[in-house]
Amino acid sequence: MTVSLGAPPRAGTSLSAPPRAVDSLSEPSGPVLPPSPTPTSPPRANRRLGIAAIVLSATAMGAAGLFGRKATPDGAVLGEALTLGRMAVGAIGMLVLIALSRRLGQVRRTRLSWPVVGGGVFLGLSLATYLSATVLTDLSRAVVLHYLGPVVATILARVFLKEGIGRLDALSIGIAFAGMLLAAGLVGGDPSGGEHETLGTVLGVASGLFYGAALLCYRCRTDMPSDVRSLWNFVFGAVATGAMVVVTRPDMSGMTVTQWLWAAGFFVVCGLFALGLLVVAGKHLRAAELSGLSYLEVVVALMIGMAAFGESVTVLAAGGAGLILVAMALPMLGRR
């Protein structure tokens, strides 16, 4: 016979041996590499955690006026200085927590961006102007003007982040805003005020605009861990309020030991605790949900003003507080 059995087969010919066996013999004997990992998706939002965080944060934030007034001597305006301490203590506390969890390397590796810087700067400016407004005008009016921020944030998120605003979201914001006006006495209340009322109102409006810008920044860079984001939030907030202190140079020489103790409580409760949870809520909730639930601060401030400082609460103001509570529930009822 002229056919050689040892000759390799030509292309296209078939062999009686199983193709799998021939293929396996021809494969290289090197190590088999694992498949490339698929790109990881952003962490999934946890609405329950976000809701719990904003409720606790808003409750603690509602007590800011109480701590601020108790820590301020008569006739003084120390909003910038107290907010600087609030931010500095928050930054130190968050840094200690991260160090205890042995994650300082993650802080160094974190890429900063303008939303991270802006969130801290805008929040520092917002809280400084708000705290000054609580001294110059009624606590309820100051907190209502401050809470123009969530409305501003919802509108800006619709424009810049293309976040949808559902019917229940819009209804929640509208009801909360109406209740806010009633609770502050801006509708059906006594418009008269003292000599500092105009300045307090202007500072309250400014705090609301700054707060809205801060909330918008929190909706960006949700890839960052909450504690790392909180740390940078406090750091850049301290930078912004420190610049305000340099410009205004508030006189703190009249503070007593009791007032310093109130200031220390303000730094921890309304700083590290409240603002740290605010960042957690901003990571897990949409802007509309964050806005509706954050109005709890208005109710807390209204009750504190009535109980601690004898501020009058009319029937309309009480009705406004009830509307705010209704508005808080709507985002939770309307989402799967």
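Residues numbered from 1 in each chain as written. Predicted model: local features only at pLDDT ≥ 70, side-chain atom pairs only at ≥ 80, totals over all residues. Heavy atoms only, no water.

The Sequence similarities (unreviewed entry) field of the UniProt record for the chain holds the comment "Belongs to the EamA transporter family." (UniProt positions renumbered as here; feature names shortened; annotations may be inferred.)

In terms of helices and strands, the chain carries 15 helices and 0 strands. Among the 336 residues that make up the chain, the fraction classed as buried is 49%. Residue pairs in contact within the chain that sit at least 24 positions apart in sequence constitute 90% of those at least 6 positions apart. Accessible surface computed for the chain: about 17,400 Å², of which carbon and sulfur atoms make up 67%. (Helix = DSSP H or I, 4+ residues; strand = E, 2+ residues; numbered from the N terminus. Buried < 20%, exposed > 50% of the residue type's maximum accessible area, 1.4 Å probe, protein only. Contact = heavy atoms within 4.5 Å. Areas by Shrake-Rupley, 256 points an atom, 1.4 Å probe, with all protein chains shown as cover.)

Here helix α9 (residues 167–183) contains 17 residues, and its C-alpha end-to-end distance of 24 Å stays within 8% of the 24 Å for a straight helix at 1.5 Å per residue. For α9, every residue scored as buried is listed here: D169, S172, I173, A176, G179, M180, L182 and A183. In the segment just after α9, G185 is the residue with positive phi, at about 75°. (Expected span 1.5 Å × (residues − 1).)

This paragraph deals with the packing of aromatic side chains. Taken as a whole and assessed by the stated rule, the structure comprises 4 aromatic pairs. Plain terms: the ring middles of F67 and W262 are 5.4 Å apart, the flat faces sit at 65° to each other, and that makes the pair edge-to-face. Residue F67 is found in helix α3 (residues 64–71), and its partner W262 is found in helix α12 (residues 257–284); the two are separated by 195 residues along the sequence. Note on F67: relative accessible area 15%, which makes it buried. (Phe/Tyr/Trp six-rings, centres within 6.5 Å; stacked < 30°, edge-to-face > 60°.)

All right, on to the pattern of salt bridges then. This structure, assessed with the given rule, holds 3 salt bridges. Residue E197 pairs with R141 through a salt bridge whose shortest N-O separation is 3.0 Å. One end of the pair, E197, is in helix α10 (residues 197–218); the other, R141, is in helix α7 (residues 139–146), with 56 residues separating them in the sequence. Across this residue pair, the class does not change: E197 and R141 are buried. One salt bridge connects R221 with D223, and the closest N-O pair in it is separated by 2.9 Å. Residue R221 is classed as buried on the basis of its relative accessible area of 15%. (Salt bridge = Lys/Arg side-chain N within 4 Å of Asp/Glu carboxyl O.)

Taken N-terminus to C-terminus, the directions of α3 and helix α6 (residues 114–136) make an angle of 70°; their axes are 9 Å apart at the nearest point. By the criterion of interaxial angle, the relationship of α3 to α6 is roughly perpendicular. Viewed along their axes, α3 and α6 form a crossing whose handedness is right-handed. Of the residues in α6, those touching α3 at A64, G65, G68 and R69 are Y130, L131 and T134. By residue class, the composition of the contact of α3 with α6 is 3 nonpolar, 3 polar and 1 charged. (Axes fitted to C-alpha atoms, helices over the stretch in contact; angles between N-to-C directions. Parallel < 35°, antiparallel > 145°, perpendicular 65-115°, else oblique. Left-handed = near helix turned anticlockwise from the far one by under 90°. Nonpolar A, V, L, I, M, F, W, Y, C, P; charged D, E, K, R; others polar.)

Moving on, we come to the nonpolar core. Ranked by size, the top nonpolar core spans 78 residues in total, and within it L82, L123, F266, L275, L278, Y295 and V298 carry the most contacts. Top contributing element to this core by residue count: α12, with 11 residues. Not counting the four nearest positions on each side in its chain, L278 is found in contact with I54, S57, L123, Y211, L215 and Y218. (Core = buried A, V, L, I, M, F, W, Y, C linked by side-chain atoms within 4.5 Å.)

A contiguous nonpolar surface patch, about 420 Å² in accessible area, is contributed by I92, V96, L97 and L100. Take L100: it is sitting in helix α4 (residues 79–100). (Patch = residues over 30% accessible without salt bridge, like charges linked within 9 Å, V, L, I, M, F, W, Y side chains within 5 Å.)

Further remarks concern unusual backbone geometry. Not every positive phi belongs to a glycine, and R102 is a case in point at roughly 60°. Assignment of secondary structure puts R102 in the loop between α4 and α5 (104–109). By relative accessible area, R102 is classed as exposed at 79%. For R249, which is not glycine, the phi dihedral falls at a positive 50°. Tracing the sequence through the fold places R249 in the loop between α11 (226–248) and α12. Residue class for R249 comes out exposed when judged on its relative accessible area of 71%.

On to the environment of G282, then. Among the structural elements, G282 can be located in helix α12. It is 9.1 Å that separates the C-alpha atoms of G282 and C217, two residues lying 65 residues apart in sequence. Other than its neighbours up to four places away in sequence, G282 contacts Y218, R219 and L290.

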